[in-house]
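Here is how the chains run, residue by residue.
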Amino acid sequence: MGPLAVTQLLGLISLTVALDNGLLKTPPMGWMAWERFRCDTDCKDDPENCISEALFRDTADRLAEDGWKELGYEYVIIDDCWMSLLRDEHGRLQPDPSRFPGGIAKLARYIHDRGLKLGIYADMGTHTCMGFPGTTLDKIEIDAQTFASWGVDYLKFDGCSSNPVEHMLGYPLMSKALNATGRPMAYSCSWPVYIGGLPPNVNYSFLGDICHLWRNYYDIQDSWDSVQGIIEWFSNNQDDLQPAAGPGRWNDPDMLIIGNFGLSVDQARSQMALWAIMAAPLIMSNDLRNLDNSARAILQNKVAIAINQDSMGIQGRRLLQEKNHIEVHWRPLSHSASVLVFLSRRTDMPYLYHTSLAKLEYDAGNYEAYDVFTGSTVTGLNATTELTFSINPSGVVMWYVYPEQQSKQTEMLHDLHNKASQFAFHKAKPGHLTVL
């Protein structure tokens, strides 16, 4: 370890609890460029899709004008490939002048004028993952100050072209540097994914003191296989991951890919449902200028969003993994409510799944349930009522469950729900409810 690293390490001894700025008491919501637009820098031949100020202005317009902002989608986040290949004469990062001719500060004003917030990307290392200038230890302070001067509201700090010692020094130092600017900025750390994502390599207690959210696992890709792999990893490791999350400190399973090319409608509902269960950031990566109605309905589902944004901030868990390839996921919510997601990992046909609230460890009593994706309310439930769900392959049934005496919540949910469709229920036999 060189003299500079030793000096920086000594500086950590006096590191106060970082990021005490009150941000992200619920998971962040917004839009990020990476999964959909990657590192397209060809603005000559592909001006609509290249990483440029025009793309981020267009996205800000859509968030502000198409009902997204009112639902909580507030961050517009630039990912890799925005930079010039050289720092300026003062050693500061600068945007590519041909693709961001107005500069980042002007773009930030444009986004702020629409009631939104700007996020930006940097990398703890010599280079970003796509080869643009990185943030080495000696550049952390100047980069934090630069972002603050531009009016940035959110930093995603990646970890390519670096090593574990530099990560150990750099991520806390960037947290301290962001705080020192005096500008409240959300701080997303990619540190865990570079060291395996799990204890003992990752100290989640410490991470929660210095970061608002963190990437635990590999990048999401535009496929159901990728979404399933993420759900599986988070579920298999939930005993380590679930306790780490809470208001102001979130596990991040990566972006919502709903509205792109890889998911069916059922699979898109599954991603939205599981991200709500996991109290995950709802950061879309899609083309909001060309979004079909089914994707919009899923992403703008007010009840799914309200579940994700529940003020208790408790991450949910997988309760059951059945041999028939049905999984049950559960999350406790405010006001004695909870949410259940019945996920099918099957690929053949709709499956009739039988259960009851008692089998899912609910206490005796009377309940009501609201089907998040159909808008219907189920009344007359008790813990022993036998339930039968028809779950589509790679699809979900998602229920918001609450004690019956809280009937006012039924009215609230009907007001929240953004669809008028109704769902058919019939009593197959006394004490047995079949969901068609």
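Look up: the structure comes first, before these words.
These notes cover the structure that comes with them. (Residues numbered from 1 in each chain as written. Predicted model: local features only at pLDDT ≥ 70, side-chain atom pairs only at ≥ 80, totals over all residues. Heavy atoms only, no water.)

## Looking at the packing of aromatic side chains
Across all of its chains, the model carries 20 aromatic pairs by this definition. An angle of 85 degrees between the planes, with centres 5.7 Å apart, marks the rings of Tyr362 and Tyr367 as edge-to-face. Residue classification places Tyr362 among the buried residues on the basis of a relative accessible area of 12%. Looking at Arg36, its charged tip hangs above the ring of Phe37, at a distance of 4.7 Å from the centre. (Phe/Tyr/Trp six-rings, centres within 6.5 Å; stacked < 30°, edge-to-face > 60°. Buried < 20%, exposed > 50% of the residue type's maximum accessible area, 1.4 Å probe, protein only. Lys NZ or Arg CZ within 6 Å of the ring centre and 35° of its normal.)

## Concerning helix 10 (residues 224-236)
Here helix 10 spans 18 Å end to end across 13 residues, near enough to the 18 Å set by a 1.5 Å rise per residue. Those residues of helix 10 lying buried are Trp224, Ser226, Val227, Gln228, Ile230, Ile231, Trp233, Phe234 and Ser235. Contacts from the buried residues of helix 10 go to helix 11 (238-241), strand 7 (250-252), helix 12 (265-277), strand 9 (317-321), strand 10 (326-332) and strand 11 (338-344). (Helix = DSSP H or I, 4+ residues; strand = E, 2+ residues; numbered from the N terminus. Expected span 1.5 Å × (residues − 1). Contact = heavy atoms within 4.5 Å.)

## Looking at the sheet that holds strand 5 (residues 186-189)
With parallel pairing, the 8 strands of this open sheet are ordered in space as 7-6-5-4-3-2-1-8. The sheet terminates laterally at strand 7 and strand 8 (282-284), the two strands that pair on one side only. Geometrically, the sheet is characterised by an average inter-axis angle of 25 degrees between neighbouring strands, direction not taken into account. Inspection of the sheet shows strand 1 (residues 29-32) paired to strand 2 (residues 75-77) by 3 bridges, in the parallel sense. By the bridge assignment for strand 2, Trp31 is matched with Val76. The strands touched by helix 5 (residues 103-113) are strand 2 and strand 3 (117-123); relative to strand 3, the strand with the most contacts, the crossing angle is about 145 degrees. (Pairing = 2+ DSSP bridges. Axes fitted to C-alpha atoms, helices over the stretch in contact; angles between N-to-C directions.)

## So, the state of the cysteines
Scanning all chains against the criterion turns up 4 disulfides. In this model Cys43 forms its disulfide with Cys50; the gap between the sulfur atoms is 2.0 Å. For the disulfide bridge between Cys43 and Cys50, the dihedral angle about the S-S bond is near 100 degrees, and by the sign convention the bridge is right-handed. Since its relative accessible area comes to 24%, Cys43 is described here as partly exposed. Cysteine pairing in the chain follows 1-4, 2-3, 5-6, 7-8, where each cysteine in a disulfide is numbered by its order in the sequence. (Disulfide = S-S within 2.5 Å.)

## Details of the packing of helix 10 against helix 12
In the contact formed by helix 10 and helix 12, the axes pass within 11 Å of each other and the chain directions differ by 25 degrees. Judged by the angle between their axes, helix 10 and helix 12 are roughly parallel. Judged by the sense of rotation from one axis to the other, the crossing of helix 10 with helix 12 is left-handed. Together, Trp224, Val227, Ile230 and Ile231 of helix 10 and Gln267, Ser270, Gln271, Leu274 and Trp275 of helix 12 make up the contact between the two elements. (Parallel < 35°, antiparallel > 145°, perpendicular 65-115°, else oblique. Left-handed = near helix turned anticlockwise from the far one by under 90°.)

## A few points about unusual backbone geometry
The linkage connecting Pro199 with the following residue, Pro200, adopts the cis geometry, with an omega of 5 degrees. Looking at the secondary structure, you find Pro200 in the loop between helix 8 (191-194) and helix 9 (204-210). The phi angle at Ser336 is positive, at roughly 60 degrees, despite the residue not being glycine. Structurally, the position occupied by Ser336 is in the loop between strand 10 and strand 11.

## Re the sheet that holds strand 16 (residues 396-403)
Taken together, the 6 strands give an open sheet; going across it, the order is 9-10-11-16-13-14, and neighbouring strands pair in antiparallel fashion. The open sheet has two edge strands with one neighbour each: strand 9 and strand 14 (377-382). Each neighbouring strand pair of the sheet contributes to a mean axis angle of 25 degrees, computed without reference to strand direction. Pairing analysis gives 4 bridges linking strand 9 to strand 10, with the strands arranged antiparallel. Opposite Leu320, over in strand 10, you have Val328 as the bridge partner. Relative to strand 9, helix 10 is tilted by about 100 degrees, and along the sheet it contacts strand 9, strand 10 and strand 11.

## Looking at the pattern of salt bridges
In total, this model carries 25 salt bridges according to the counting rule given. For Asp61, the salt bridge goes to Arg114, with nearest N and O atoms at 3.0 Å. Separated by 53 residues along the polypeptide, Asp61 in helix 3 (residues 53-65) and Arg114 in the loop between helix 5 and strand 3 bring together distant segments of the chain. We classify Asp61 as buried; its relative accessible area is 14%. (Salt bridge = Lys/Arg side-chain N within 4 Å of Asp/Glu carboxyl O.)

## Notes on the side chain of Gln300
Here Gln300 shows up in the loop between helix 13 (293-299) and helix 14 (302-308). Of the polar contacts made by the side chain of Gln300, one reaches the backbone oxygen of Asp66; its length is 3.2 Å. (Polar contact = N/O pair within 3.5 Å; in protein donor to acceptor, adjacent residues only side chain to side chain.)

## Section: the pairing of strand 16
Of all 8 residues in strand 16, 8 are buried, a share of seventy percent or more. Sheet topology note: the strand 11/strand 16 ladder contains 6 bridges and is antiparallel. Directly across from Ser338, in strand 16, lies its bridge partner Val401. In the sheet, strand 13 (residues 366-371) pairs with strand 16 via 5 bridges, with the strands oriented antiparallel. Residue pairing for strand 16: Glu368 is matched across the bridge by Tyr402.

## Focus: the nonpolar core
With 115 residues, the main nonpolar core has Trp31, Tyr73, Trp82, Phe147, Met272 and Trp275 as its most contacted residues. A per-element tally of this core places helix 12 first, with 7 residues. Among residues more than four places away in sequence, those in contact with Trp275 are Ile220, Val227, Ile230, Ile231, Pro253, Asp254, Met255, Leu256, Ala280, Pro281, Leu282 and Asn308. In terms of nonpolar packing, the next biggest core, distinct from the first, is built from 18 residues, Val328, Leu340, Ile391 and Trp399 among them. (Core = buried A, V, L, I, M, F, W, Y, C linked by side-chain atoms within 4.5 Å.)

## So, the side chain of Thr135
Within the fold, Thr135 resides in the loop between strand 3 and helix 6 (140-150). Assessed through its relative accessible area of 0%, Thr135 is described here as buried. Excluding anything up to four places from it in sequence, Thr135 contacts Arg87, Leu93, Ala122, Asp123, Met124, Gly125, Ile140, Asp143, Phe157 and Met174.

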